[in-house]
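Listed here are the chains, written in short residue letters.
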Amino acid sequence: MLSHFRPALVLIVVFTLLCGVAYPLAITGIGQAAFSSQANGSQIVRNGTLLGSALIGQAFTADRYFHGRPSAVNYDASTSSGTNLGPSSKALLAALAERAAAYGDATIPADLVTASGSGLDPDLSPAGAAAQIARVAAARGIDEARLRELVAANTRGPDLGILGEPRVNVLALNLALDAFAP
Amino acid sequence: MAQDILQFVLFGAVLVALAIPLGAYMARVFAGEASFLRWLERPIFTAAGIRPEQGQHWSAYALALVAFNLAGFALLFLILRFQHLLPWNPLGLPGLSGHLAFNTAISFVTNTNWQSYGGETTMSYLSQMAGLTTQNFVSAASGMAVAAAVARGLASKQLRTIGNFWADMVRATLYVLLPISIVLALLLVWQGVPQTLDTSLTATTLEGAEQTIAIGPVAGQIAIKQLGTNGGGFFNVNSSHPFENPTAIANLLEVLAILVIPVAFCFTYGRMVGDRRQGRALFAAMGILFVVGLGAIYASEIQPNPLYPANVVAADGNMEGKEVRLGVGNSALWAEVTTAASNGSVNSMHDSFSPLGGMVAMLNMQLGEVIFGGVGVGLTGMLLLVIVTVFLAGLMVGRTPEYLGKKIEAREIKLAALTLLVMPIGVLAFSALSLVVGTGQSAVLNQGPHGLTELLYAYSSATGNNGSAFAGLTANVDWHNTFLGLAMLLGRFGYIIPILAISGSLAAKRTAPASAGTFPTHGPVFVTLLVATILIVGALTFLPVLALGPIAEHLSIAAGQSF
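Each value, and the rule that gives it
Sequence positions are assigned chain by chain, starting from 1 and proceeding in written order. To read the labels, note that chains go from A and ligands from 1, taken in the order they are written. Totals for whole chains, interfaces and linings use every residue, but because this is a predicted model, local features are given only for residues with pLDDT of at least 70 and side-chain atom pairs only at 80 or more, for both listing and counting. Side-chain numbers come from the whole structure's heavy atoms, not from hydrogens or water. In this analysis, strands are considered paired if DSSP registers two or more bridges between them. Elements are defined by DSSP. Helices are runs of H or I of four residues or more, strands are runs of E of two residues or more, and each kind is numbered from the N terminus. Here a residue-residue contact requires only that any non-hydrogen atoms of the pair lie within 4.5 Å. Axis definition: a line fitted to C-alpha atoms, limited for helices to the stretch in contact. Angles are taken between N-to-C directions and run from 0 to 180 degrees. Accessible-area loss on putting two parts together, using a 1.4 Å probe and summing over both, is the definition of buried area adopted here. By convention in these notes, a salt bridge is any Lys or Arg side-chain nitrogen within 4 Å of a carboxyl oxygen on Asp or Glu. Throughout this description, a polar contact denotes any pair of N or O atoms lying within 3.5 Å of each other; where both atoms belong to protein, one of them has to be capable of donating a hydrogen while the other can accept it, and for residues adjacent in sequence the pair is counted only when both atoms sit in side chains. Using a 1.4 Å probe on the protein chains alone, a residue whose accessible area is under 20% of its type maximum counts as buried, one over 50% counts as exposed, and one in between counts as partly exposed. Domain segmentation is taken from an automatic or database assignment of domains. A pocket, in this scheme, is an open set of points on a 1 Å grid over the protein atoms alone with protein on both sides within 12 Å along at least 5 of 7 lines, while a cavity is a set where a 1.4 Å probe fits but cannot get out; residues line either one if an atom lies within 4 Å of a point. Grid points are joined across faces, edges and corners, and a volume is the space filled by probe spheres set on the points. Put simply, Ala, Val, Leu, Ile, Met, Phe, Trp, Tyr, Cys and Pro go in the nonpolar bin, Asp, Glu, Lys and Arg in the charged bin, and everything else, Gly too, in the polar bin.

Residues and elements named next belong to chain A. Here we have three strands laid out as an open sheet, ordered E3-E5-E4, and antiparallel in their pairing. The open sheet has two edge strands, strand E3 (123–124) and strand E4 (155–156), and neither has a second partner. Two elements, E3 and strand E5 (residues 167–169), share two bridges in a ladder whose sense is antiparallel. Across the sheet, Asp123 pairs through a bridge with Asn169, a residue of E5. In the packing of helix H7 (residues 170–180) onto the sheet, contacts are made with E3 and E5, and the angle to E5 comes to roughly 60°.

Contacts between the two partners involve 102 residues from chain A, matched on the other side by 112 residues from chain B. Taken over both partners, the interface formed by chain A and chain B buries close to 8,300 Å², and the fraction arising from carbon and sulfur atoms is 66%. Taken as a group, Tyr23(A), Asn84(A) and Pro87(A) account for 9% of the area that chain A buries against chain B, more than any other trio of residues on that side. Here chain A and chain B share one salt bridge between them. Two residues, Arg325(B) and Asp121(A), come together in a salt bridge whose shortest N-O distance is 3.9 Å. Counting across the chain A and chain B interface gives 50 residue pairs in polar contact (both at pLDDT 80 or more). Of all elements in the fold, only helix H1 (2–34), helix H2 (36–39), strand E1 (43–46), strand E2 (49–53), helix H3 (90–101), E3 and H7 of chain A reach the threshold of two or more residues within the side of chain A that touches chain B.

Residue and element names in this part refer to chain A. Of all five residues making up E2, four are buried, and the element is well covered by its neighbours. As judged from the four bridges shared by E1 and E2, these two strands associate in the antiparallel manner. By the bridge assignment for E2, Ile44 is matched with Gly52. What sits between E1 and E2 in their antiparallel hairpin is a turn of two residues, with Asn47 showing a positive phi close to 50°.

Attention now moves to the domain arrangement of chain A. Domains assigned within chain A are domain 1 (2–38) and domain 2 (43–180). A separation of 39 Å is found between the C-alpha centroids of domain 1 of chain A and domain 2 of chain A.

Within the secondary structure, Asn311(B) sits in the loop between helix H10 (276–302) and helix H11 (327–340). Using a relative accessible area of 14% as the deciding quantity, one classes Asn311(B) as buried. A distance of 3.0 Å separates a polar side-chain atom of Asn311(B) from the backbone oxygen of Gly104(A). Once you skip the residues sitting within four places of it in the chain, Asn311(B) turns out to touch Ala100(A), Gly104(A), Asp105(A), Ala106(A), Thr107(A) and Ile108(A).

On to the layout of surface pockets, then. All names here are of chain B. The calculated volume of the largest pocket comes to roughly 440 Å³. As for the largest pocket, its lining consists of 27 residues, of which Gln115, Tyr117, Asn236, Ala469 and Ala471 are closest to the centre. Its residues assigned to classes, the lining of the largest pocket shows 10 nonpolar, 16 polar and one charged.

Now the structure itself:
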């Protein structure tokens, strides 16, 4: 055992310096230089004010905005959580029923009433945005057809045409909405 | 649905295309033939007093591994306990409690990376980098070293030694983990994963509220946490967080990184024992179990939940706890990959999975983390089951079992059989103990059979050194921190030490040439027998308790019952 002390201690110090300090600092240096925006959290700044991150959802409650998905942390991005409620949970089913009831008999996609994994999901499915067009159009007094175009313009297909799902970034959509019909 | 299956096929094709050359490269690394980093490894060996060409007896090899992990544990425990006194703590986070630091240090040293803590609200940047990221590298390298030693033992003829732990560990880190991590980390930054030492952002939302956004040196840690089948995330929700997994491209890169080394090890193994068919047979057995598991999880998650409100589109499947950009397909794929590979990172909340989807994820761990498994240790775990299988085959035909020309005798069988007890003790005995003393019930979030599944999942994850969670469980209490910590130790060393001992004893044996009576261990008959052995051992052990948890929940939902 004693003969193993020296290599054990030396190697843990060497690898702490190499993998725990030099490696992350090198990635920070190169990342900041090559991909400055992404490395700093994909910040959205308007008139010198930080509005949020393009990758992190934020809470919307007003009728004049599209709302993101239900969140277990109410979009508090200093932390992150899902509800962790199981499929047979009365608490989950009651929450789903209440959210679904807000849309009456209209057919709605699952992502609109279920909470995301992170609590910070920035996206909605295109159907999730479409289900809110009538409400937003009424609140802003604009034509629903124009809004449908706006949603379509802010819809991204799967990455490389095959990976992942089509989606609408809610913050980007609402920013476009403010610019289009303030 | 067609698009999901296309994504699975694409994933599988790219994975194998990357793993085959990587497997060949790793065989060269462990043979000491890769040399482009000699300038870096030489001074390290000199400073540590290591002579890399000097072989170790299996017991010295195991002792070196334990000594190294002990040193890692001590350093990590101290960093976590006293992070408030150390630099790079922009949020001024306090030191961790004793039992949380104990649990977390064991968790990272054993390559489990169970998170009893919420990353962004608990860990300083120094803890994340110098503490956790370091162990992400070296705990993975330790597991890889074990696989190299075991393969060497099987290949050698009448030798007393199985290689040098220090050389294997250092080379696995320098030649395999570091270079790939650097490339992967930069690709992840490109896709949107932050990498900065600045403190959290404070934004003013469109509706005028204040939003604090946690960021930090994320990308570097995420790269190695996937590649080393570690799994402990920078953030509480792990890779469902948009900053850990911002796009479907990032998701593909990460899910490939999780499996590439475990898959490559099949091919490394075939080369190291001088018979590539042996590696391909293990790959086939693992691949069959993987594809079946993926199909089961996906089929279960895309199923509509009959208890959902009537106006919700049934075809969307189970989106609770999943992210829109990833969808059900990528979430099911990740769940299968992460539990098969003992990685433990998640891109969706497994606690909210359908009962059978969650059950398959749990069963992947309960089978002993051998469906590719953790880097290195997945292969060696599979080899233990190979020994059990050749023993069973030998019993059937009445011959002394052999593997790769080595006689498998009482000592090897006893050691292999001993490891079959690790999962039942860690999962069943520890869960039962938690339930009996009461701490089990009080910590679960969900009621009914799902609550039992939550607890079982935690102990399966810890013993399997996986680290994924049904996160509704409040794990950060004295009892669970302690017993989950013990389960992780049992699950790590309860496999590693017996397999090293077996390797040592096989290394010393002579190799008999194959004869007409030799049972071939590379054909479809053997692969079928191996898969059957794995499933029978797992089913006998866990079916009763699965019936009480996920199966009972599934039947309840079908009968319209909620809890």
